[in-house]
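These are the residues of each chain, in order.
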Amino acid sequence: MYPLHRGRRLRVNESIRSIVRETSLSSADFMFPMFIAEGENVKVEIPSMPGIYRRSIDLTVEEIKELFALGIRAVNIYVKVNDNLKDNTGKEAWNPNGLMQQAIKAIKTACPEMIVMPDVALDPYSIYGHDGIIKNGDVANDETVEALVKMAVSHAQAGADFVAPSDMMDGRVLRLREGLDSAGFQNVGIMSYSAKYASAFYGPFRDALDSAPKEADIEVPKDKKTYQMDYANRIEAVKEALMDVEEGADMVMVKPGIAYLDIVREVKNAVNVPVTVFHVSGEYAMIKAASERGWLDHDKIMMEQLMCIKRAGASLISTYFAKEAAILLNK
C-alpha cells in the first residue's frame, strides 16, 4: 500500500525501466511479407503501401540477404500472377515452374537459413479473386482443399520450410498434413491462418496482388465472408485455432493484428503452439499516412504497436515494418 509501495520507483530512469521490462523485441520476432512479380530488375512501389514493393525474383533475393543480415529469419511470400494464367481451377498454383516455385528455389539457394513460408490460397490465381474454386455461386470447400494440397506439395518440393494456408477452408490443415507426409515432407511445417477475419484492413494488400473479389459472368460471392471470420466473434477464433492444432498445425495465426489483440491473447491462452500475428497492410498504411501528415511520430508508433502485439502473446509478427523495425533495433 502507498506510501510503502510506489510504482514510480521502477520508472525513475531508462536503466531501471529496462531491467524490469516485461516484454522485449528483437529482429528474430519479425517475418517480412514480400510480393514477387514476373520479370527481371522489376521494383514497383505499391501506392497504398509506401516503402513496400513488388519485386522480381532477382531483386527479391538481394532484399532477402539484407533482411537476413539484419537478423530477420522468416519471410512470408506472395506472387503477382499474370492475368493470362488465372482461371477458376487455380492450376497455375502447383506449376513446378511457376513464379512462386521459382521464387522459393531462388531464395533458398541464395540464403538457405532464411525460413520461407509461401502463401497457400488460390486468390492470386483465380479469375474471380476468391480463395478457392467457385461452384454453384460459392467457394467449393472440398474441391478447393484438394487444390491447396497440390499447391502446398509443390511448395515443399521447391524448398519451402513451412506452408501458410490463408484460405480459411474447413479441414484443410489435416489434408495438407496428410498430403505433405504422403509426399515425403514430414518436416515441412504448417503455419495456419486459423483466425483470419473478414476485415476491411486488407485493402492495400489486395491492391498489391489484384486479389479482391471481381465482377463475373456467373454468380460469385461479392466478398469473402462465407469463409473468413465475422469480426464480431471471439469464441469462434479459439475454436478454429484449437481445431487447426488438432489437425496438425505447427503454428497458428491471428489476422489482423492491432485491432484484434484480445483475440491474440485468447488464442495464446488456449493453444500449445506458437502464435503468429499478421500486422496487416491497412494497419501499416494508416501509420504511414498519418506520419506523412505529421500527425504521428512514425518510429515511435511503429515500435509501440509491434511491442503491443508481442505483449499480447505473439511468438512471431508478420509485419511490413519488419525491415524498418530491425534497422532501429540494430542501432
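What you see is a predicted model; the values in this text were computed from it and never measured.

With that settled, the discussion passes to the packing of helix α10 (residues 298-312) against helix α11 (residues 322-330). Following both chains from N to C, one finds α10 and α11 inclined at 100°, their axes separated by 11 Å at the closest point. In terms of axis orientation, α10 runs roughly perpendicular to α11. Contact residues: His298, Asp299, Met302, Met303 and Leu306 in α10; Glu324, Ala325, Leu328 and Leu329 in α11. In the contact of α10 with α11, the residues fall into six nonpolar, one polar and two charged.

So, about the UniProt feature "active site" (unreviewed entry) in the protein chain. Under the present numbering, the feature "active site" (unreviewed entry) in UniProt falls on Lys196 and Lys255. The largest pairwise C-alpha distance within this set of annotated residues, which runs over 60 residues, is 4.8 Å, so the set is compact in three dimensions. Position of lysine 196 relative to the elements: it lies in strand β9 (residues 189-196). According to the relative accessible area criterion, lysine 196 is buried, its value standing at 6%. Among all residues touching lysine 196, those that are not within four sequence positions of it are Asp131, Ser166, Met168, Tyr202, Gln228, Met229 and Lys255. Within the structure, lysine 196 has its side chain in polar contact with the backbone oxygen of serine 166 (distance 3.0 Å).

Following the UniProt record, the feature "binding site: Mg(2+)" (unreviewed entry) maps to Glu240 here. Mapped onto the elements, glutamate 240 comes out in helix α7 (residues 235-247). Residue glutamate 240 is classed as buried on the basis of its relative accessible area of 14%. Those residues in contact with glutamate 240 that lie beyond four places of it in its chain are Met168, Ser194 and Met229.

With respect to the secondary-structure elements, glycine 90 resides in the loop between β4 (74-79) and α3 (99-110). Take glycine 90: its relative accessible area is 3%, and that puts it in the buried class. Taking the C-alpha atoms as reference points, glycine 90 and proline 124, separated by 34 residues in sequence, lie 8.5 Å from one another. Contacts of glycine 90, omitting those with residues within four sequence positions, involve Leu122 and Tyr125.

Taken residue by residue, a regular strand's side chains alternate between the two faces of the sheet. Of all the five residues making up strand β10 (residues 251-255), five are buried; the element is thus mostly covered by neighbouring parts of the structure. Residues Met251, Met253 and Lys255 line one face of β10 and the alternating positions Val252 and Val254 line the opposite face, and both faces are buried. Where β9 and β10 come together, five bridges link them in parallel fashion. Looking at β10, one finds that methionine 191 is bridged to methionine 251. Relative to strand β11 (residues 275-279), β10 runs parallel, the two being bridged by three bridges.

So, on to unusual backbone geometry. Across the junction of tyrosine 2 and proline 3, the peptide omega takes the value 10°, indicating a cis bond. The residue proline 3 is located in the segment before α1 (14-19) in this model. The omega angle of the peptide bond from lysine 255 to proline 256 is 0°, so this bond is cis rather than trans. Considering the arrangement of structural elements, one finds proline 256 in the loop between β10 and α8 (261-270). Positive phi, normally seen in glycine, also occurs at asparagine 41, with a value near 55°. Structurally, asparagine 41 is set in the loop between β1 (30-36) and β2 (43-46).

Calculation criteria
- Per chain, residues are indexed from 1 in the order of the written sequence.
- Local features are withheld for residues below a pLDDT of 70 in this predicted model, meaning they are given only at 70 or higher, and side-chain atom pairs are given and counted only at 80 or more; totals for whole chains, interfaces and linings count all residues.
- Calculation of side-chain values draws on the structure's entire complement of heavy atoms; hydrogens and water are dropped beforehand.
- In this analysis an axis means a line fitted to C-alpha atoms, helices contributing only their contacting stretch, and an angle means the value between N-to-C directions, from 0 to 180 degrees.
- Secondary structure elements are defined from DSSP: runs of H or I of at least 4 residues count as helices, runs of E of at least 2 residues count as strands, and each element is numbered from the N terminus.
- Throughout, the term roughly parallel applies to angles under 35 degrees, roughly antiparallel to angles over 145, roughly perpendicular to angles from 65 to 115, and oblique to all others.
- Contact criterion: two residues are considered in contact whenever any of their non-hydrogen atoms come within 4.5 Å of each other.
- All amino acids are sorted into three groups, where Ala, Val, Leu, Ile, Met, Phe, Trp, Tyr, Cys and Pro are nonpolar, Asp, Glu, Lys and Arg are charged, and the leftover types, Gly among them, are polar.
- UniProt positions are given in the numbering used here, feature names are shortened, and annotations may be inferred rather than shown by experiment.
- Exposure classes here rest on a 1.4 Å probe applied to the protein chains alone. A residue is buried below 20% of its type maximum, exposed above 50%, and partly exposed in between.
- Counting of polar contacts relies on pairs of N or O atoms within 3.5 Å, with two restrictions inside protein: one atom must be capable of donating a hydrogen and the other of accepting it, and residues adjacent in sequence are counted only when both atoms are side-chain atoms.
- Paired strands are those between which DSSP finds at least two bridges.

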